[in-house]
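Each chain, written out:
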Number of protein chains: 2
Amino acid sequence: MDNNSNFEAFKAKMQKVADINYSSAVLQWDQEVFMPEKGSEARARQLATLAGLAHEESVSKELGKLIEELLSDATVTDKDRRNLIETKRNYSDKLKYSTEFVMKMSRTVSEAFNAWQKAKKSNDFNSYADQLQKLVDLKLEECEFLGYGNHPYDALINQYEHGATKASLDTLFNDVRSQLVPFVKKVLALDPPDNKFMYKYYPKDVQWKHGLKLLEQMGFDFKSGRQDISTHPFTTNFSSQDVRVTTRINENDLGEMIWSCIHEGGHALYEQGLPASDYGLPSGEYLSLGIHESQSRLWENNVGRSYSFWEHNYPVLQNLYPEHLSTIRLDDFYKGINKVSASFIRTSADELTYHLHVLIRYELEVALMDRQISVKDLPSEWNRLYKEYLGINVPDDTKGVLQDVHWSHGSFGYFPTYSIGSFYAAQIYNTAEIQITGLKSDIRSGNLVNLKKWLNDNFHYCGRQYTAEELCKLVTGEQLSLSYFMDYVQQKYSGIYPQLKNG
Amino acid sequence: MDNNSNFEAFKAKMQKVADINYSSAVLQWDQEVFMPEKGSEARARQLATLAGLAHEESVSKELGKLIEELLSDATVTDKDRRNLIETKRNYSDKLKYSTEFVMKMSRTVSEAFNAWQKAKKSNDFNSYADQLQKLVDLKLEECEFLGYGNHPYDALINQYEHGATKASLDTLFNDVRSQLVPFVKKVLALDPPDNKFMYKYYPKDVQWKHGLKLLEQMGFDFKSGRQDISTHPFTTNFSSQDVRVTTRINENDLGEMIWSCIHEGGHALYEQGLPASDYGLPSGEYLSLGIHESQSRLWENNVGRSYSFWEHNYPVLQNLYPEHLSTIRLDDFYKGINKVSASFIRTSADELTYHLHVLIRYELEVALMDRQISVKDLPSEWNRLYKEYLGINVPDDTKGVLQDVHWSHGSFGYFPTYSIGSFYAAQIYNTAEIQITGLKSDIRSGNLVNLKKWLNDNFHYCGRQYTAEELCKLVTGEQLSLSYFMDYVQQKYSGIYPQLKNG
């Protein structure tokens, strides 16, 4: 075979793997959104079978041989070479897993997840501690055979944010500790704005239709996607031309739907913006979880919680709910939706304290992987850190260490990508404001097209042709730095809490 | 391996194939119900990949070896042996297909289907005739390598209704010709009842909720299934505990939703009644298309168009739509919904003329496969037969030979199963009335539980452990005969058309 037909053979194999994985995604989406309850048993086996088939195809000897042949071929284009290198990295990692380990991990995760569900219901962390400890031990075993530079945590974070290390995260979170934590303390000491108007009765139907309008305004392509309802909002895709978002509606909390909808919409625009012609190749896939989250957070916070955005959208909202909002002025609405408060639950935190929740989880994960603490210490350490960083006493483990599903899934190293995403978002948005002429006035008039196009052209088009660090430098001119986020929040919150200006 | 672990290995392989096929079913369901339009390209490739994987697994040498070993093992139970024999039959058939033929067939079907869609839109049969002729030629080729007894048509019908032959169909349709056709002619000559009240404005929301109530009344288990909306109503399943039905709602035709809902509900009760523990084995799957259709038609017609059913349900319906129905008496409603008329479109035909539509298609299929006619003769032959059997002049091919999708899919031999299903239904319902004490008064009071249970216990429990003929004999005491259907319609329609009594 010549180089060209070799590459076509390589692409065909990659697309076959993608076909199976996207099929799994359809089954998972259906499971979350529509599946009747008794369907779960067969669905679990169907997903396991598809996972097995995808694994077999993605570690096939033929694929490995094609990669090597093509990599040693000097006529391969730069873009193709990048795809080959990325694929080889995944291929080599996957080969490190023995079937025995994969099955053991799958069993341990199932047990830990079931134990977590029960423990959360009954507020009984101890009933779950042994299963979680087993999972931690197994993750450490995984780190060993995957290999890492300086710290086992490197192997964990690398699965979600390729190129990130414990050292780079330490730098970032040290800045969070020295800059954001004191800033949050200052804000929390001030009189908060009122936001009671957000918790009136907001009927489901009106919220649902409004959510669709928001997605439409963002430029979500409904011919290439749809929105449904699920318990936990998420985005998934079965190609860049079939992207599904979900939202949830709380009739007593107007904000829940609005920002989950804009957040998932941001994820969805990224997926819809990936090149359809690169289906199955790294260049057709999202770059990293941090970059993915940067897209959702940029829309949710930098746009969706901005004054400019609501200059256009608040009158619309007032028209939908005149009984609750006609007497609330835009200024007060804006301040209310940006109220900062020390709370127990990460997923409902404001955009400032959110990162303290993540910081706490990062510190605990590192300590666990260092074996400085063991799982049984988690509740007391959790509560100690919530007292230290947020000044609050966790009342019980359900509102504390048991709140998140992630650890029970074995997803250690995942949480930091949430903060990384927000910090990237601030840096990216700063560049957008410089590069897009009239962005602010666009947004004030409800025109979000230029922003979407800029993100398409600068972030979405390239898939995984760069590392996150490379792409960040390419577009913003420098590597990820907390300073943009700090500048953004200092400016924003001094408008909401005027006393800050004198701080 | 001993026999037991050998059978477990066999079962595991069969379940793997089922996992893949049911995954495809999820993707197909989503495609019909929710998929955004641009999702179709990737979906097509995902389905093709899954089909390829399922085929590979279902013709694997290991599977063939296990079947042979187990079949020669005297300790295998009768039930297991039946599963092995059924599997071997499918396995041997699948082995007869060359990859080349499968690909050629797939391409030809795609072309024919696309050509049919265009031809139907533009009422231009000739633009599609060549593609269809190619498909007919290919089907004849398929018959040759599959093998058959007396007639190539045997190989076609055998794919949908194992055990049926052209000879057995000829017997059945000769009876249709000599008994049903003259009866229909007699009915059509009489003054029809009025049914204009069915075509008022019936709002979608009310219809949708009513449909769910009908399914509930039938005993559809919503924990093991759900209903959605699609262009063409259908039933699919991803296990016996996840059965999906769809319906369509026409706001100007009350009947469309009601009987499509009950019809699909009948299919769904069959799937929900199959033994979950036999997932992936023939004994966990439906018996034949004719038996499947017998379940849907029994509910749709023998129950859902009966006077007894509406004794309970008509007052409910009147309450939903008092503006249109309060002045229509139950007797007139019952007569109206059973109006017989000669019409062009099979899918909206009444339960009498329906079988004349099928008879016409059967005659044409046999003539095509006999090469007595070629595709280019189809329109004139179609129109001649509609004149002959239904006494109507087909105005154009869109309302004639172009109306059905089946032939463009290569589904020759499929249509007869619709009639077989209705004829089985009449015979089965006759037995149900004998065996279920108080069935009529159950139905008059809206209690359908005993009927469902009887069907579960006599038809659903056994999956494909029998042939259709065996099961029919086992339950009804004799083989399929048109006489039950004729008795049923003669009795029924002489109540609706009193002049028939004197005929």
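Reading the values: the criteria
- Residues numbered from 1 in each chain as written.
- Chains lettered and ligands numbered in written order.
- Predicted model: local features only at pLDDT ≥ 70, side-chain atom pairs only at ≥ 80, totals over all residues.
- Helix = DSSP H or I, 4+ residues; strand = E, 2+ residues; numbered from the N terminus.
- Rg over C-alpha atoms; globule rule 2.2 N^0.38 Å.
- Contact = placed C-beta atoms within 7 Å.
- Least-squares fit on C-alpha atoms with pLDDT ≥ 70 in both.
- Axes fitted to C-alpha atoms, helices over the stretch in contact; angles between N-to-C directions.
- Left-handed = near helix turned anticlockwise from the far one by under 90°.
- Nonpolar A, V, L, I, M, F, W, Y, C, P; charged D, E, K, R; others polar.
- Pairing = 2+ DSSP bridges.
- Buried ≥ 20, exposed ≤ 12 C-beta atoms within 10 Å, placed from the backbone.
- Expected span 1.5 Å × (residues − 1).
- Core = buried A, V, L, I, M, F, W, Y, C linked by C-beta atoms within 7 Å.
- pLDDT = per-residue confidence, 0-100.

Engineer: In this structure, what is going on with the overall build of chain A? I would like to understand it.
Structural biologist: Looking only at helices and strands, chain A features 21 helices and 3 strands. For chain A, whose C-alpha radius of gyration is 23 Å, the value lies close to the compact-globule estimate of 23 Å for 503 residues. Counting only C-alpha atoms, chain A reaches 70 × 50 × 50 Å along its principal axes. In chain A, the proportion of contacts linking residues at least 24 apart, taken out of those at least 6 apart, comes to 70%.

Engineer: I keep staring at the relation of the copies chain B and chain A and nothing clicks. Help me out?
Structural biologist: The transform that puts chain B on chain A rotates by 180° and translates by 0.0 Å along the axis, for an RMSD of 0.0 Å. When the rotation and shift are considered jointly, the pair of chain copies conforms to a two-fold rotation axis. Counting the interface residues of chain B, we find that 100% of their copies in chain A are interface residues as well, pointing to one common contact surface.

Engineer: Help me understand the packing of helix H3 (residues 61-71) of chain B against helix H4 (residues 78-95) of chain B in this model?
Structural biologist: Packed helices, taken two at a time, are described by the angle between their axes plus the distance between the axes. Residue and element names in this part refer to chain B. Taken N-terminus to C-terminus, the directions of H3 and H4 make an angle of 145°; their axes are 10 Å apart at the nearest point. As H3 packs across H4, the resulting crossing turns out to be left-handed. Counting all contacts with H3, which are made through Leu63, Gly64, Ile67, Leu70 and Leu71, the residues of H4 involved are Leu84, Thr87, Lys88 and Tyr91. Considering only residue class, the contact of H3 with H4 consists of 6 nonpolar, 2 polar and 1 charged.

Engineer: Explain the sheet that holds strand S1 (residues 225-229) of chain A here, please?
Structural biologist: Sheet strands pair via backbone hydrogen bonds, and the direction of the pair is either parallel or antiparallel. Residue and element names in this part refer to chain A. Strand order across the open sheet formed by 3 strands is S1-S3-S2, with mixed pairing between neighbours. Each having just a single partner strand, S1 and strand S2 (235-239) make up the two edges of the open sheet. For this sheet, the mean inter-axis angle between neighbouring strands, taken without regard to orientation, is 20°. By the bridge criterion, 5 bridges tie S1 to strand S3 (residues 242-247) in an arrangement that is parallel. Directly across from Asp228, in S3, lies its bridge partner Thr246.

Engineer: Even after reading the chapter, I still don't get the interface of chain B and chain A, so can you show me in this structure?
Structural biologist: Size of an interface, as often reported, equals the accessible area lost when the parts are brought together. Counting residues at the interface gives 31 residues for chain B, matched by 31 residues for chain A. Among the elements of the structure, helix H1 (3-33), helix H2 (40-58), strand S1 (225-229) and strand S2 (235-239) of chain B are those that each provide at least two residues to the side of chain B that touches chain A. Broken down by class, the residue content of the side of chain B that touches chain A amounts to 13 nonpolar, 8 polar and 10 charged.

Engineer: Can you help me understand the pairing of S2 of chain A in this one?
Structural biologist: On a regular strand, one side chain projects to one face of the sheet and the next to the other, so that they alternate. All names here are of chain A. Burial within S2 is extensive, with 5 of its 5 residues counted as buried. Of the pairings in the sheet, the one linking S2 to S3 comprises 4 bridges and is antiparallel in character. Across the sheet, Ser239 pairs through a bridge with Asp242, a residue of S3. Linking two consecutive strands that pair antiparallel, namely S2 and S3, is a turn of 2 residues.

Engineer: It is not clear to me how the environment of Tyr334 of chain B should be interpreted in this structure. Could you clarify?
Structural biologist: All names here are of chain B. Within the secondary structure, Tyr334 is located in helix H14 (residues 330-337). Residue classification places Tyr334 among the buried residues on the basis of 20 C-beta atoms within 10 Å. Note: C-alpha distance between Tyr334 and Pro193 (141 residues apart in sequence) is 9.5 Å. Excluding anything up to four places from it in sequence, Tyr334 contacts Tyr307 and Trp310.

Engineer: When you look at helix H5 (residues 99-122) of chain A in this model, what are you seeing that I'm missing?
Structural biologist: At 3.6 residues per turn, the α-helix brings residues three or four places apart onto the same side. Residue and element names in this part refer to chain A. Here H5 is 24 residues long and its end C-alpha atoms lie 35 Å apart, about the 34 Å a rise of 1.5 Å per residue gives. Among all positions in H5, only Ala112, Ala115, Trp116 and Ala119 are buried. Packed against the buried residues of H5 are helix H6 (126-146). Immediately beyond the C-terminal end of H5, within one or two residues, lies Asn123, with a positive phi of roughly 50°.

Engineer: I'm lost on the sheet that holds strand S3 (residues 242-247) of chain B in this one. Help?
Structural biologist: All names here are of chain B. Spatially, 3 strands are ordered S1-S3-S2 in an open sheet, and the strand pairing comes out mixed. Edge positions in the sheet fall to S1 and S2, since each has one partner strand and no second. Adjacent strand axes in the sheet meet at a mean angle of 20°, parallel and antiparallel pairs treated alike.

Engineer: When you look at the nonpolar core in this model, what are you seeing that I'm missing?
Structural biologist: Across soluble globular proteins, nonpolar side chains have a tendency to be buried as a group. By size, the foremost hydrophobic cluster in this structure holds 103 residues, and its most contacted members are Leu359 and Tyr424 of chain B. For Tyr424 of chain B, the residues in contact, after removing those within four places along its chain, are Gly290, Ile291, Ser294, Cys472 and Leu480 of chain B. Counting 102 residues, the second-largest nonpolar core is a separate cluster that includes Ala115, Tyr153, Val358 and Tyr429 of chain A.

Engineer: Any chance you could explain the confidence of the model for chain A here in plain terms?
Structural biologist: Regions with low pLDDT carry predicted coordinates that are not meant to be interpreted in detail. Within chain A, residue pLDDT values average 96, and 99% of them lie at 70 or more. Of the two predicted TM-score estimates for the complex, the pTM is 0.94 and the ipTM is 0.93.

Engineer: Help me out: how do you make sense of helix H17 (residues 416-435) of chain A in this one?
Structural biologist: An ideal rise of 1.5 Å per residue puts 28 Å on 20 residues; H17 of chain A measures up with 28 Å between its terminal C-alpha atoms. With respect to burial, H17 of chain A is a largely interior element, 15 of its 20 residues being buried.

Engineer: Explain unusual backbone geometry here, please?
Structural biologist: Glycine aside, the phi torsion of most residues is negative, and most peptide linkages are trans. All names here are of chain A. In this structure, Arg371 takes a positive phi of about 60° despite not being glycine. Looking at where Arg371 falls in the secondary structure, it is placed in the loop between helix H15 (354-369) and helix H16 (378-390). Residue class for Arg371 comes out exposed when judged on the 11 C-beta atoms lying within 10 Å of it.

Engineer: Help me understand the packing of helix H15 (residues 354-369) of chain B against helix H17 (residues 415-435) of chain B, please; the structure alone is not making it clear to me.
Structural biologist: Residues and elements named next belong to chain B. Close contact between H15 and H17 brings their axes to 8 Å; oriented N to C, the two are set at 145°. Both H15 and H17 take part in a crossing whose hand is left-handed. In this structure, H15 contributes His355, Val358, Arg361 and Tyr362 to the contact, and H17 contributes Phe415, Pro416, Tyr418, Ser419 and Ser422. Of the residues contributing to the contact of H15 with H17, the split by class is 5 nonpolar, 3 polar and 1 charged.

Engineer: Teacher, can you tell me more about the environment of Glu251 of chain A here?
Structural biologist: By the element assignment, Glu251 of chain A lies in the loop between S3 and helix H10 (254-273). A C-alpha to C-alpha distance of 25 Å links Glu251 of chain A and Thr236 of chain A, two positions 15 residues apart in sequence.

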